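Commentary on secondary and tertiary structure
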Number of protein chains: 2
Amino acid sequence: MIREIRRSGALGRGELVRRTALPRSSVFAIVGDLVERGVLVETSRPGDARRGRGRPGALVSLDPAAGLIVGVDVGREATRLVVANAAHQIVAAGVSEEPAAEDAGACAVQIETLIHSVCAVDDIDLDALEAVGIGVYGLPEIHESATRSPRDLTSELSNRLEVPVALGNNTRLAALAEATWGAGRGVDDQVYVRWSVGVGGGCLVGGRLLVGANGAAGEIGHVCLDPNGPRCDCGGHGCLETLVGGPALLEICRQRGLDLRSLDDLVEAVQARIAVASDVVVQAARRLGVVLAGTVALLDPQRVIIGGELGQVGSLVLEAIHEKIDALSMPGLGRTVEVVRADLGMNDGALGAVAHVLRSRQPTTTAG
Amino acid sequence: MIREIRRSGALGRGELVRRTALPRSSVFAIVGDLVERGVLVETSRPGDARRGRGRPGALVSLDPAAGLIVGVDVGREATRLVVANAAHQIVAAGVSEEPAAEDAGACAVQIETLIHSVCAVDDIDLDALEAVGIGVYGLPEIHESATRSPRDLTSELSNRLEVPVALGNNTRLAALAEATWGAGRGVDDQVYVRWSVGVGGGCLVGGRLLVGANGAAGEIGHVCLDPNGPRCDCGGHGCLETLVGGPALLEICRQRGLDLRSLDDLVEAVQARIAVASDVVVQAARRLGVVLAGTVALLDPQRVIIGGELGQVGSLVLEAIHEKIDALSMPGLGRTVEVVRADLGMNDGALGAVAHVLRSRQPTTTAG
């Protein structure tokens, strides 16, 4: 039961009955006992609560006085950080726009400084720090030889803070975050796409993050749409990302007479229903939808989650994607695939780093 | 240790040392003890041995005197059957070309009759029968309402034979068979494609068969290659299967002046290096390669296994697929994806049904 709660952060008693398959009366008795002993506390839904002072409600979670977990997302333009307690409640968050140092040791110092400054603001005692999760862009398992070696960053930070540090790709961690706290909560089989300057993704299969033989699974942006298409940074040709990533969309807009400086501008233009912008994005969403239709044929997910700036466009994009999945992914089966917008915004990678730590500390369980 | 052996069928002592991470001397002592007590027996490699009388060798396996497992593949044109002992050795095999009855009860009788006749030929005592696995075409989890309800077939057969019966899609089971006994042995992340009249597949992720939310994962034949392509039986358009499945290839050959009656004829023509046939198959292999390149981007497998009649063409097909994966699936990563031919031939589905039973009886473990 504790394992289920640790896994999910907070659960209602009814949900616990379902998950443990124990008699209702037993679950209520055990929960009552654990609450009395201070192992569990009654809490409000995670995300609503701040610093453990949620209104008492129908959910129970682990006592938030237990150890803290810090999640860090070392992005290209900013380093984001969240602090979670053992009840999976986010008790603080912060961001540094200083570019992350290329040297692993220097980067570890930056992260340590950010942790201290965020915790100082919120008066959080770092003695309770139990572990740190880090998300990085790129493929840490493969790019071990990069300037800022993921292994060095992990060990430097672990030595400085004297706690275990776990590291992963930040898009995959964002997928894990959506599955744990966001739009994918409670869904075992899901595909997450981050549609932004690049196009990345992460898949959950039977409740587990799909990692792959080289830690490179989920690279939906590098599914080839057109073998004769433009060359991609990955070395391939006609990858989805070259056709629907941010730079490609801005260039198509420019060719059609709409000059925009950034992806945020494009999203704003679509939200204002400027015809050219909407048209460009819907066409792109259809192309993404074709690739997602293939992904659905392969993985048979229950839900597809669209994150990144372009996910925030909402129904226009979701419907175009849904149409393609419905039309092209074995419509005869009559299965329902939900296509929804991601929930978590800019902190998804940092939240995912927390989820990564929480999951890696538990005994592996099949999802359910 | 027993779990590792049950999982793998037969293992050498050195491999057991590696897998259990126990000291070499301990593993040798434990194995010696278990062999003495009759729990383990020394055996030859599974597949080589017949009826438990393999030459004594470096491998140890569970005592074959333990319970039998029957695997059945109810195909469109034939029902195939294998009988395995607890050491994962195949002790008998058989086939019936009588079409499987549409009625679940009648089909169960056919299967029971086939089991009895195969076991009678090889003088196998059915009292030792422990479980039956069945592979069926289609998607049993979704097509519960079909004439021959998978659930009814399972319960009818289970009632008749008085043993547990487990059922699954036969292409997915073939993937499991290759992973357990064939070209995917020891590989945790792999994609299996059955390239035949239809194009199907199955994926192993972290050592587990990918099932999906509706039991429909692995349908690589229904990945859309061309949204404006011909209509597919699945209701979609431009699915890989419509472009490279057996009927499409025979039709292209016909248009190019080569009239062939069957896929076997086509394979023979390619093996004889008849130019038109080779060209048609290589072009098709490239298309399959494009879809597999996308699959590799998503799943990051270590190995891709090509089964079905067209897999038997060998290097011509494997190289064309490999080229596309190398060119289109993030070549910058420098990862190596192996593309190999399937090992197991026509009994792959029935063997997979046995593997399915063996895996479902064990405690779930992470692969390794």
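For every chain, the first residue of the written sequence is number 1, and numbering continues from 1 onward in sequence order. Chains carry letters and ligands carry numbers; both start at the beginning, A for chains and 1 for ligands, and go up in the order they are written. The model is predicted, so local features are restricted to residues of pLDDT at least 70 and side-chain atom pairs to those at 80 or more, both for listing and for counting; the totals for chains, interfaces and linings are taken over all residues. Calculation of side-chain values draws on the structure's entire complement of heavy atoms; hydrogens and water are dropped beforehand.

With an unreviewed UniProt entry as reference, chain A is termed ROK family transcriptional regulator, source organism Leekyejoonella antrihumi. UniProt positions are given in the numbering used here, feature names are shortened, and annotations may be inferred rather than shown by experiment. The record in UniProt for chain A states the following under Sequence similarities (unreviewed entry): "Belongs to the ROK (NagC/XylR) family."

What follows deals with the side chain of B:E112. Segments assigned H or I by DSSP are reported as helices when at least four residues long, segments assigned E as strands when at least two residues long, and all are numbered from the N terminus. Counting through the fold element by element, B:E112 comes out in helix 4 (residues 104-121). B:E112 has contacts with B:L157, B:R160 and B:L161, leaving out every residue within four places of it along the chain. Residues count as neighbours in contact if any of their non-hydrogen atoms are within 4.5 Å of one another.

Residues and elements named next belong to chain B. Contact geometry for helix 4 and helix 5 (residues 150-161): axes closest at 8 Å, N-to-C directions at 45°. With respect to helix 5, the element helix 4 is oriented oblique. Judged by the sense of rotation from one axis to the other, the crossing of helix 4 with helix 5 is right-handed. Taken together, the residues of helix 5 that come into contact with helix 4 (itself represented by A104, G105, C107, A108, V109, I111, E112 and I115) are D152, L153, E156, L157, R160 and L161. For the contact of helix 4 with helix 5, the class distribution of residues is nine nonpolar, one polar and four charged. Here an axis means a line fitted to C-alpha atoms, over the contact stretch when the element is a helix, while the angle between two N-to-C directions is reported on a 0 to 180 degree scale. Note on terminology: angles under 35 degrees are roughly parallel, angles over 145 are roughly antiparallel, angles of 65 to 115 are roughly perpendicular, and the others are oblique. Handedness of a crossing is defined here by the sense of rotation of the near helix relative to the far one, left-handed for an anticlockwise turn of less than a right angle and right-handed for a clockwise turn. Any residue outside Ala, Val, Leu, Ile, Met, Phe, Trp, Tyr, Cys, Pro, Asp, Glu, Lys and Arg is labelled polar, Gly included; the first ten of those are nonpolar and the last four are charged.

So, on to the relation of the copies chain B and chain A. Superposing chain B onto chain A takes a rotation of 180° combined with a translation of 0.1 Å along the rotation axis, leaving an RMSD of 0.2 Å. Given the turn and translation reported, the copies of this chain are related as if by a two-fold rotation axis. In this comparison the copies share one frame, found by least squares on the C-alpha atoms of residues holding pLDDT of at least 70 in both.

To continue, consider the pattern of salt bridges. When a carboxyl oxygen of Asp or Glu is within 4 Å of a side-chain nitrogen of Lys or Arg, the pair counts as a salt bridge. For the structure on display, the rule yields 20 salt bridges over all chains. Residue A:E251 is joined to A:R254 by a salt bridge in which the shortest nitrogen-to-oxygen separation is 2.8 Å. Placement of the pair is A:E251 and A:R254 together in helix 8 (residues 246-255), with a separation of three residues, close to one helical turn. A salt bridge links B:E219 to B:R172, with the shortest nitrogen-to-oxygen separation between them at 3.3 Å. Taken together, the positions of B:E219 in the loop between strand 11 (208-209) and helix 7 (240-244) and B:R172 in helix 6 (residues 170-181) put the pair 47 residues apart, joining distant regions of the chain. When accessible area is computed with a 1.4 Å probe and restricted to protein chains, residues below 20% of their type maximum are described as buried, those above 50% as exposed, and intermediate ones as partly exposed. Since its relative accessible area comes to 10%, B:E219 is described here as buried. Given a relative accessible area of 5%, B:R172 falls into the buried group. One connected set of salt bridges, linked through shared partners, spans A:E15, A:R18 and A:R19.

Turning our eyes to something else, we now look at unusual backbone geometry. Working note: non-glycine residues mostly have negative phi, and peptide bonds are mostly trans. For A:M330, which is not glycine, the phi dihedral falls at a positive 50°. Residue position: A:M330 is located in the loop between helix 12 (315-328) and strand 13 (338-341). One non-glycine residue, B:D123, lies in positive phi territory at about 60°. Its location among the elements puts B:D123 in the loop between helix 4 and strand 7 (129-136). According to the relative accessible area criterion, B:D123 is exposed, its value standing at 67%.

Next up on the list: the sheet that holds strand 10 (residues 199-205) of chain B. All names here are of chain B. Whether two strands pair comes down to DSSP finding at least two bridges between them. Strand order in this open sheet of five strands is 11-10-9-12-13, and the pairing throughout is mixed. Looking at strand neighbours, the two that pair on one side only are strand 11 and strand 13 (338-341), the edges of this open sheet. One ladder, built from two bridges, connects strand 10 with strand 11; its direction is antiparallel. Within the sheet, the bridge partner assigned to L204 lies in strand 11 and is L209.

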